[in-house]
Amino acid sequence: MDPRDNVEARETENHPELFYVPIPDVSPSKKEQEKLSGVVKNVHRKLRRKYREVGDFDKIWREHCEDEQTLSEYALAMKNLADSHWATNCEGEGRIEWCRSVCQEYYLDGGMKRMLEKDEKSAALAIGLTSASVSAQPSSSIPNLVAQLGKMRLLDVGSCFNPFLKFDEFLTVGIDIVPAVESVYKCDFLNLQLQRPLQLAGDAVEAFLRQLHNPIDTLPAQLFHVVVFSLLLSYFPSPYQRWICCKKAHELLELHGLLLIITPDSSHQNRHALMMRSWRVAVESLGFKRYKYVKYSHMHLIAFRKVSVATTSDLVSRNYPEMLYIPQDFHSNEEEDGADTPVQVRSEFEDDQLAWGFMELPDTPYDSDSGESQSSSVPGFHELEDPILLQS
């Protein structure tokens, strides 16, 4: 044995600091993603700050819609996030695919028929009929919408880059205050004026939608099968604005249509359980009933179906709009500023370790409304069991 080996071994024992594991730097891609996310978050914070200071959300929103430079920067950041980052980690594509799968299951695979049969049985039992007599009655009153559906007419509010346009089963109308691509119509959804419903056959309605003019200021009521709010509601600084959006979605949907809401939340499964319960009560008060709910690692995804044509008139006085809150509504300006403080970034290895930990949790939660288990087809996402979510 070479004596020099012993010398080197002793030097290693005496100077362990000579041997270390290098900590990898944050990748350029992740830095770019954080920069783009910062642009988006700063726009949201600016709106919330102005709302706290001024309190007039109509004035604040009007000024915001006139700030073309900020809106253009926001639209570009969102498009770059979708093109360069969300597509690679499945987060953005996951929410789009979830929307698509819910629509297919509901309209094309019998989901709506099952829900309407369930509604009929519940209504019959409520008036005193026995379970046996309810089961024996034919479901003749269930509309045969699927046979005459054609394409599913989908309104994507805050569309930015029109992600649903690539799917043949949808006739998509994407709207945004500042579109990032030419296929999206310019439209301020908060101030969109609604007209009387069209009295036309399905193919004529499709022809009407294909001939819309830019910008869109008015639309007929009861025009769409699906309305999508993807990362939209948290954009607004006021719960009342979120409420107006949901109310307008109800008016734009056909009876039995779907409202799909995706809202960001990177917290653990039960952190904002009360908020999600509050949102459910508020939205259902408009004439919806929840159809599906899942929790991904960075967002909540909720599907509501329209179960009544009209809403009651006293909802505002009963404080339902305030129930559409987000945690940031209760932050002070100082707390918002503190959100910019740099924090230690987890490495990709640590992210993988954390993801493996979550994989031990149940992956087929039961949905209390649809009566079915829901399992995600997107790897790496954790879905949340609804009964656990709704515990206070």
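Our subject is the structure listed above.
Residues numbered from 1 in each chain as written. Predicted model: local features only at pLDDT ≥ 70, side-chain atom pairs only at ≥ 80, totals over all residues. Heavy atoms only, no water.

S.K.: Quick question: what am I supposed to make of the overall build of the protein here?
M.R.: Helices and strands together make up the secondary structure of the protein, namely 13 helices and nine strands. Counting the 392 residues in the protein, one finds 42% classified as buried. Pairs at least 24 apart in sequence give 71% of the contacts found in the protein among residues at least 6 apart. On the protein, roughly 21000 Å² of surface is accessible, and the fraction owed to carbon and sulfur atoms is 53%. (Helix = DSSP H or I, 4+ residues; strand = E, 2+ residues; numbered from the N terminus. Buried < 20%, exposed > 50% of the residue type's maximum accessible area, 1.4 Å probe, protein only. Contact = heavy atoms within 4.5 Å. Areas by Shrake-Rupley, 256 points an atom, 1.4 Å probe, with all protein chains shown as cover.)

S.K.: Explain the nonpolar core here, please?
M.R.: Nonpolar side chains tend toward joint burial in soluble globular proteins. Formed by 62 residues in total, the largest nonpolar core has its most connected members in Phe229 and Leu259. With seven residues, the single largest contributor to this core is helix H4 (residues 68-89). Filtering out sequence-adjacent residues up to four positions away, Phe229 remains in contact with Val157, Phe189, Cys245, Cys246, Ala249, Leu259, Leu260, Ile261 and Ile262. Counting 27 residues, the second-largest nonpolar core is a separate cluster that includes Met112, Met152, Phe164 and Ile262. (Core = buried A, V, L, I, M, F, W, Y, C linked by side-chain atoms within 4.5 Å.)

S.K.: Would you mind going over empty space enclosed by the protein with me for this structure?
M.R.: Applying the stated criterion across every chain yields a total of two cavities of 30 Å³ or more. In this structure, the largest cavity spans a volume of roughly 360 Å³. Contributions of two or more residues to the lining of the largest cavity are made by H4, helix H5 (91-108), strand S1 (152-157) and strand S2 (170-176). Ranked by the residues each element gives to the lining of the largest cavity, the list is headed by H4, at four residues. Split by residue class, the lining of the largest cavity holds 20 nonpolar, three polar and four charged. (1 Å grid on protein atoms, 1.4 Å probe; cavity = no way out; pocket = protein on both sides within 12 Å on 5 of 7 lines; lining within 4 Å. Points joined across faces, edges and corners; volume = space filled by probe spheres on them. Nonpolar A, V, L, I, M, F, W, Y, C, P; charged D, E, K, R; others polar.)

S.K.: Help me out: how do you make sense of the pairing of strand S6 (residues 224-230) in this one?
M.R.: On any regular strand, side chains alternate: one points to one face of the sheet, the next to the other face. A large share of S6 lies buried, amounting to seven of its seven residues. Bridge analysis of S6 against strand S7 (residues 253-264) gives six bridges, and the strand direction is parallel. Directly across from Val226, in S7, lies its bridge partner Leu258. (Pairing = 2+ DSSP bridges.)

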